[in-house]
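Secondary and tertiary structure notes
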Amino acid sequence: MKKPIFLLSLAAITLGLGATSLTSAQAATWHQGTPKALRHIWIYNGHGDNKAYITYGKSLSTGNLFALDGASHHYYRLPGYGLKKLKYQSLGDHVYRLSGIQYSPKGSQVQFDGQRLSYKLKLTKNHLHFYKGYRNYDRHAKFATMKTPKGLE
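Note that the structure is predicted; figures quoted are calculated from it, not measured.

Observations regarding the overall build of the chain
In terms of regular secondary structure, the chain is built from one helix and ten strands. Moving toward the C terminus, one meets the helices and strands of the chain in the order α-β-β-β-β-β-β-β-β-β-β. Every one of the 153 residues in the chain was classed for burial, and the buried ones make up 29%. If you take every contact in the chain between residues at least 6 apart in sequence, the share linking residues at least 24 apart comes to 48%. Accessible area for the chain stands at about 10,400 Å²; split by element, carbon and sulfur atoms hold 59% of it.

Printed below as a string of structure tokens:
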């Protein structure tokens, strides 16, 4: 009677250890570029004049604030800065860690220009949640927009 209980408990422990060894460290794998679902223009619909955008391409992100045109009362995008040579880790449940090298727009320099920066975000169908900074971006602007005026591009 004691022998079958011992064998059953040994089998359960062996299966438990075997199941835990099957899960590998897939989150440690870095992929070049950005996830395809992330490649889009994302809009931060903040209060007042606190509005921003971020655009993801295959290996580049660009973002900045919107500015208000006083004559038309429409918002336009200011020249962007962001990360180049992007790579990402999938952390599971549509959470990603992105890493890239900071770059600035022509004629200016941002604080961390040339340094590698990383951040974490969660992606859903219509929303992008950043774990730091401006938090929730949507696929569509909830305010009137226009093209950037000539000379500011």
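Let's pick the thread back up.
A look at the confidence of the model for the chain
Of the residues in the chain, 82% have a pLDDT of 70 or more, and the chain-wide mean is 84. The element-level mean pLDDT for the chain is lowest in helix 1 (residues 2-22), coming to 50, with strand 1 (residues 30-32) highest at 97. Low pLDDT, under 50, characterises residues 17-24; the predicted model gives this stretch zero contacts beyond four residues in sequence or across chains.

Points about the packing of aromatic side chains
A full pass over the atoms with the stated rule returns seven aromatic pairs. Ring geometry for Tyr88 and Tyr96: centres 5.8 Å apart, planes at 75°, overall edge-to-face. Classification of Tyr88 as buried rests on a relative accessible area of 15%. Exposure remark for Tyr96: the relative accessible area of 13% places this residue in the buried category. Both rings, one in Tyr119 and one in Phe130, keep their centres 5.6 Å apart while their planes meet at 40°; by these two values the pair is tilted. Of this pair, Tyr119 sits in strand 8 (residues 116-123) while Phe130 sits in strand 9 (residues 127-130), placing them eleven residues apart in sequence. Pairwise contacts between aromatic rings join Tyr44, Tyr119, Phe130 and Tyr137 into one cluster. Directly above the ring of Tyr53 sits Arg77, whose terminal nitrogen or CZ lies 5.1 Å from the centroid. One cation-aromatic arrangement involves Lys120 over Tyr131; the distance from NZ or CZ to the ring centre is 4.7 Å.

A word on the side chain of Thr34
One can find Thr34 in the loop between strand 1 and strand 2 (41-44). The buried category is assigned to Thr34, whose relative accessible area is 2%. In this structure the side chain of Thr34 is engaged in a polar contact, spanning 2.7 Å, whose partner is the backbone oxygen of Gly57. If sequence neighbours within four positions are ignored, Thr34 has contacts with Arg39, Tyr56, Gly57, Lys58, Leu86, Tyr88 and Leu98.

Here's the deal with unusual backbone geometry
Note: most residues except glycine have negative phi, and most peptide bonds are trans. Although it is not a glycine, His73 sits at a positive phi angle of roughly 60°. Within the secondary structure layout, His73 lies in the loop between strand 4 (60-69) and strand 5 (74-77). Accessibility expressed as a relative area gives 58% for His73, which makes it exposed. In this model, His94 sits at a positive phi of 60°, which is unusual for a non-glycine residue. Within the element layout of this structure, His94 appears in the loop between strand 6 (81-92) and strand 7 (95-103).

Quick word on the nonpolar core
Core analysis: the biggest nonpolar cluster contains 16 residues, and Leu38, Trp42, Tyr56, Leu98, Leu121, Leu128 and Tyr137 have the highest contact counts within it. Counting residues per element, the ones that place at least two in this core are strand 2, strand 3 (52-56), strand 6, strand 7, strand 8 and strand 9. Residues Ile43, Phe66, Tyr75 and Phe143 belong to the second largest nonpolar core, which totals five residues.

What counts, and at which threshold
Residues numbered from 1 in each chain as written. Predicted model: local features only at pLDDT ≥ 70, side-chain atom pairs only at ≥ 80, totals over all residues. Heavy atoms only, no water. Helix = DSSP H or I, 4+ residues; strand = E, 2+ residues; numbered from the N terminus. Buried < 20%, exposed > 50% of the residue type's maximum accessible area, 1.4 Å probe, protein only. Contact = heavy atoms within 4.5 Å. Areas by Shrake-Rupley, 256 points an atom, 1.4 Å probe, with all protein chains shown as cover. pLDDT = per-residue confidence, 0-100. Phe/Tyr/Trp six-rings, centres within 6.5 Å; stacked < 30°, edge-to-face > 60°. Lys NZ or Arg CZ within 6 Å of the ring centre and 35° of its normal. Polar contact = N/O pair within 3.5 Å; in protein donor to acceptor, adjacent residues only side chain to side chain. Core = buried A, V, L, I, M, F, W, Y, C linked by side-chain atoms within 4.5 Å.

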